[in-house]
Each structure stands twice: as structure tokens, then as C-alpha cells.
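Below, each chain spelled out in residue letters.
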Amino acid sequence: MTRKIAVIGAGGWGTATGGLLAEKGFDVSMLAHEADHLAEIERTGRNDRFLEGYVLPERLRVTLDAKECLAGADTVLSVVPTKYLRRTWRRIAGRVEAGAPVVSLTKGIEPRTLERPTEILAEYLPDHPLAVLSGPSHAEEVARHLPTTVTVASRSTKVARRLQEDFGTNSFRVYTNRDVFGVEFGGAMKNVIAIAAGVLDGLELGDNTKAALLTRGLAEIVALGTHLGAKRHTLYGMSGMGDLITTAFSPFGRNRAVGERIGRGEKLADILASSVKVAEGVPTTRSVRDLARREGIEMPITEQVYLALYKGKDPRRAIEDLMQRRGKSE
């Protein structure tokens with residue numbers, strides 16, 4: 001009997017991972033939340049709104065009905081932006097099959113509560129094994145079967161290994177890890193530094209500047225992450241440094257693109273209004289700044305990104321302030 005997997009969220013990443021699993025032979029049901037979006041997909045056989053040009057496999061079906069999507073699914077992927085995560089799972093959690101693992105593919109930190117996606121999921125799914133899948137994995141490249149490597153983390157080694165087997169293909173390699181916090185934190189925090197990298201691109205400041213930014217940005221990720229309990233080797237792995245590199249350089253990186261437009265002088269409100277895709281790094285910047293202040297961890301790059309996004313600080317002035325900080329040892 002063919003196993004069924006449910007994907008909650010019909011964005012680009014949900015489509016790419018759902019398609020990968022469908023191509024492997026699983027029956028995949030993907031939950032959309034807008035009727036006009038579903039109609040577009042049914043009319044074209046593609047999800048051009050979020051993953052242009054990718055033809056959905058036959059085994060990948062899209063629905064607006066949560067009951068239909070989740071019925072019989074022995075694994076569930078949660079691919080919902082952080083700001084919609086709580087309201088989505090409050091509505092559908094009771095429909096998940098008993099004992100089915102739920103895998104978070106969301107990269108963010110909820111404002112105000114400062115909770116990670118798996119912490120939110122645990123509130124609504126207390127009896128389900130939880131896992132995180134993260135790493136340098138743009139949907140556009142996964143959909144084209146370009147070689148990609150990610151990490152899946154769970155406190156259950158059995159669940160992690162099962163997911164490793166489910167997702168693994170000749171072009172999609174999966175490592176396992178038990179450091180759920182580290183994998184999840186690295187995937188969220190790298191988006192803040194990616195916005196800063198985009199600012200440098202918008203200002204055309206060159207490779208020396210970006211190399212310095214990524215090096216010191218990774219130091220901030222490690223400083224706060226390890227303080228909060230992440231393993232250092234996790235943050236230097238696929239879900240930390242690996243994801244940071246691809247997001248900071250790729251034309252597909254939506255957080256980098258937001259930063260680039262900030263660097264060119266555009267206003268944040270105009271940037272966000274012009275795209276249907278969610279740049280998780282924007283609200284995550286506020287969350288990470290709040291975490292750093294709560295914990296007493298100095299994070300100068302994160303602070304300047306926050307000021308540029310939310311207080312309208314001139315990006316060039318932000319860079320000057322970083323360069324003129326008191327000298328210190330590396």
C-alpha cells in the first residue's frame with residue numbers, strides 16, 4: 001500500500017518538497033488556503049505563483065480541505081510561514097492521524113512569544129513526534145533536481161532516520177541530527193544576516209565587505225545559539241553556515257533580495273507590499289534582537305539590520321557604525 005504524506009502550505013518550498021516526495025512514489029496531498037490559488041494550480045498543473053514553471057507530479061494533489069489533506073497521512077510537513085503558523089495549527093491539529101510525525105520546514109521565530117516553529121507545533125500537537133528539516137535548499141533548485149544537502153533533526157533517532165530515507169534521492173541528500181534547537185535556530189537566524197548581505201549588494205560594496213559580514217554574522221549566530229543551547233557543530237553545519245552561504249548569495253534568496261532593495265533606498269513597507277512571497281527574516285530580525293537583549297548577548301550586525309528595517313536608518317550609516325566600533329580581538 002502506498003504511503004500518504006500531507007503538506008500543509010502551498011508555497012514554493014511546500015511544492016518543491018511535496019513534488020520530491022511524489023516523484024519518489026508517495027501519495028502527497030498539499031493544503032492551499034485560497035480558492036483562486038487552487039484554481040490557478042488546477043487550470044495550469046503548475047504553482048507559478050510561488051514556483052514558476054514546475055509541473056506538479058501526478059501523485060501531488062492540492063486541496064483546500066484540511067480533513068481531506070490529512071486523512072490517512074502517516075507523515076505531515078508543516079510549511080507555513082511563522083506569522084500564520086499558530087492560526088493554521090489551531091484550526092487543523094485535531095485532524096492529524098494519531099502518532100504521525102510532524103516535520104517543520106518553517107524558518108522563523110515568532111514575534112512577542114519568541115517561540116520557534118516546533119515550540120508552537122508542540123502546543124497543538126503534544127502527542128506527535130516533531131522534527132525539523134533545514135539547510136541550503138532553494139525550492140527553485142530542488143525542483144530542478146540540482147544536488148542539495150539538508151539536515152533533519154528530531155529527538156527520536158527512529159523518526160529522523162525514517163525521514164532521511166523518505167526524502168533521500170540521488171539529488172537530495174539528508175543528514176540526521178538530534179539537535180532540534182540548533183537546526184531550527186540556524187535556519188531562522190541566517191535570514192537576518194542574509195538581509196544584511198543584500199544591503200551590501202544594493203550598495204555595491206564588493207566581496208571584501210560581504211566576506212567580513214558573513215564571517216562576523218556567523219559569529220553572532222553561534223554566540224546567541226550556543227548561549228541558548230545549540231551545539232556549535234550544528235551551527236557550523238548545513239542548517240547554519242551552509243544555509244547562510246546560499247541565502248546570502250543566491251538570486252533566489254528572498255531575504256537577500258529584501259536587503260538589496262533596502263540598500264537601494266526603497267522603503268520596507270513598499271518592498272513587502274510588492275511580493276506574495278514571505279521574507280521570514282524581516283519579523284525574525286525583531287525577534288532575534290529581542291532574544292539577544294533578553295539574554296545580554298551583543299549582536300551588532302543584527303542591531304543595525306533592525307535599525308535599518310524598522311527605524312529607517314540609512315544603510316550606509318549603519319555600515320559606518322559597524323566599521324567604527326571599538327577594536328577587539330577575533
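All of these numbers come straight from a predicted model, not from anything done at the bench.

Engineer: Could you clarify how one ought to interpret the pattern of salt bridges in this entry?
Structural biologist: One side chain can pair with another of opposite charge once the charged atoms of both are near each other. For the structure on display, the rule yields 28 salt bridges. A salt bridge links Asp-74 to Arg-3; the shortest N-O distance between them is 2.8 Å. Placement of Asp-74 in the loop between helix H3 (66-70) and strand E6 (75-78) and of Arg-3 in the segment before strand E1 (4-8) is noted, with a sequence separation of 71 residues between them. Of the residues examined, Asp-74 reaches a relative accessible area of 25% and is grouped as partly exposed. Across the pair Glu-260 and Arg-256 runs a salt bridge whose closest N-O atoms are separated by 2.8 Å. In this pair, Glu-260 and Arg-256 both sit in helix H12 (residues 254-263), 4 residues apart, roughly one turn of the helix. Each member of the pair, Glu-260 as well as Arg-256, is classed as buried. When salt bridges that share partners are traced, they join Asp-201, Lys-210, Arg-256, Glu-260 and Arg-264 into one network.

Engineer: Looking at this model, I keep getting lost on the packing of helix H8 (residues 180-203) against helix H15 (residues 300-310). Mind explaining?
Structural biologist: Between two packed helices, the angle of one axis relative to the other and the distance separating the axes together describe the packing. Where H8 contacts H15, the two axes come as close as 10 Å, and the packing angle between them is 65°. Compared by their axis directions, H8 and H15 come out roughly perpendicular. Once H8 is placed against H15, the crossing between them reads as left-handed. Here Met-189, Val-192, Ile-193, Ile-195 and Ala-196 of H8 come into contact with H15, specifically with Ile-301, Thr-302, Val-305 and Leu-309. Counted by class, the contact of H8 with H15 contains 8 nonpolar, 1 polar and no charged residues.

Engineer: How should I be thinking about the packing of aromatic side chains in this particular structure?
Structural biologist: To describe a pair of aromatic rings, one takes the distance between the centres and the angle between the planes. Counting across every chain of the model gives 3 aromatic pairs. The residue whose ring lies beneath Arg-173 is Tyr-175, and the NZ or CZ to ring-centre distance is 4.8 Å.

Criteria and cut-off values
- Residues numbered from 1 in each chain as written.
- Predicted model: local features only at pLDDT ≥ 70, side-chain atom pairs only at ≥ 80, totals over all residues.
- Heavy atoms only, no water.
- Salt bridge = Lys/Arg side-chain N within 4 Å of Asp/Glu carboxyl O.
- Helix = DSSP H or I, 4+ residues; strand = E, 2+ residues; numbered from the N terminus.
- Buried < 20%, exposed > 50% of the residue type's maximum accessible area, 1.4 Å probe, protein only.
- Axes fitted to C-alpha atoms, helices over the stretch in contact; angles between N-to-C directions.
- Parallel < 35°, antiparallel > 145°, perpendicular 65-115°, else oblique.
- Left-handed = near helix turned anticlockwise from the far one by under 90°.
- Contact = heavy atoms within 4.5 Å.
- Nonpolar A, V, L, I, M, F, W, Y, C, P; charged D, E, K, R; others polar.
- Phe/Tyr/Trp six-rings, centres within 6.5 Å; stacked < 30°, edge-to-face > 60°.
- Lys NZ or Arg CZ within 6 Å of the ring centre and 35° of its normal.

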